[in-house]
Amino acid sequence: VGTGFDDKVIAPVRRRPRFVVEAVRLLADSASDGRVDLGALGNHLRQVRPGFSHTANGYKSLRTMLDAYDLLCVHQSDLGHCRVGLAPPAMLRAV
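Model, not experiment: these values are computed from the prediction. (Residues numbered from 1 in each chain as written. Predicted model: local features only at pLDDT ≥ 70, side-chain atom pairs only at ≥ 80, totals over all residues. Heavy atoms only, no water.)

A. Main features of the nonpolar core. Val20, Leu41, Leu45, Met65, Leu66, Leu72 and Val84 are the most contacted members of the largest nonpolar core, which has 17 residues in total. Only helix 1 (18-29), helix 2 (38-48), helix 3 (62-67), strand 2 (72-76) and strand 3 (82-86) provide two or more residues apiece to this core. Excluding anything up to four places from it in sequence, Leu41 contacts Ala23, Val24, Leu27, Val36, Leu66 and Val84. (Core = buried A, V, L, I, M, F, W, Y, C linked by side-chain atoms within 4.5 Å. Buried < 20%, exposed > 50% of the residue type's maximum accessible area, 1.4 Å probe, protein only. Helix = DSSP H or I, 4+ residues; strand = E, 2+ residues; numbered from the N terminus. Contact = heavy atoms within 4.5 Å.)

B. Quick peek at the pattern of salt bridges. The final tally for this structure, using the stated rule, is 5 salt bridges. Of the charged contacts, one joins Glu22 and Arg18 as a salt bridge, the two residues approaching to 3.2 Å between their closest N and O atoms. A residue pair is termed a helical-turn pair when its members lie 3 or 4 positions apart in one helix, as Glu22 and Arg18 do in helix 1 at 4 residues. Residue class for Arg18 comes out partly exposed when judged on its relative accessible area of 47%. A salt bridge links Arg25 to Glu22, with the shortest nitrogen-to-oxygen separation between them at 3.3 Å. Residue Arg25 and its partner Glu22 are located together in helix 1, separated by 3 residues, close to a single helical turn. Arg25 gets classed as partly exposed once you look at its relative accessible area, which sits at 31%. Relative accessible area serves as the criterion here: at 36%, Glu22 is assigned to the partly exposed category. (Salt bridge = Lys/Arg side-chain N within 4 Å of Asp/Glu carboxyl O.)

The following block contains the structure:
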């Protein structure tokens, strides 16, 4: 049993950069259902922000990061395929 500072578990800082919402808005605007594939979003983020990493922002996966955004809505099919869109205005008022 230790008594030093090393014994404390510090939770990672979790950030939600605004540029992720803007990327979803940009990509989803051209989709008929207003949503973008999770993989396509990840590829886009790495292209426009080469240093982007969900782990650097405190998340285990891009999916868990997106779930933390009030402005985004993640939709998962029965087969596990994920698409992301902007949250409907009614959901934003409820928050």
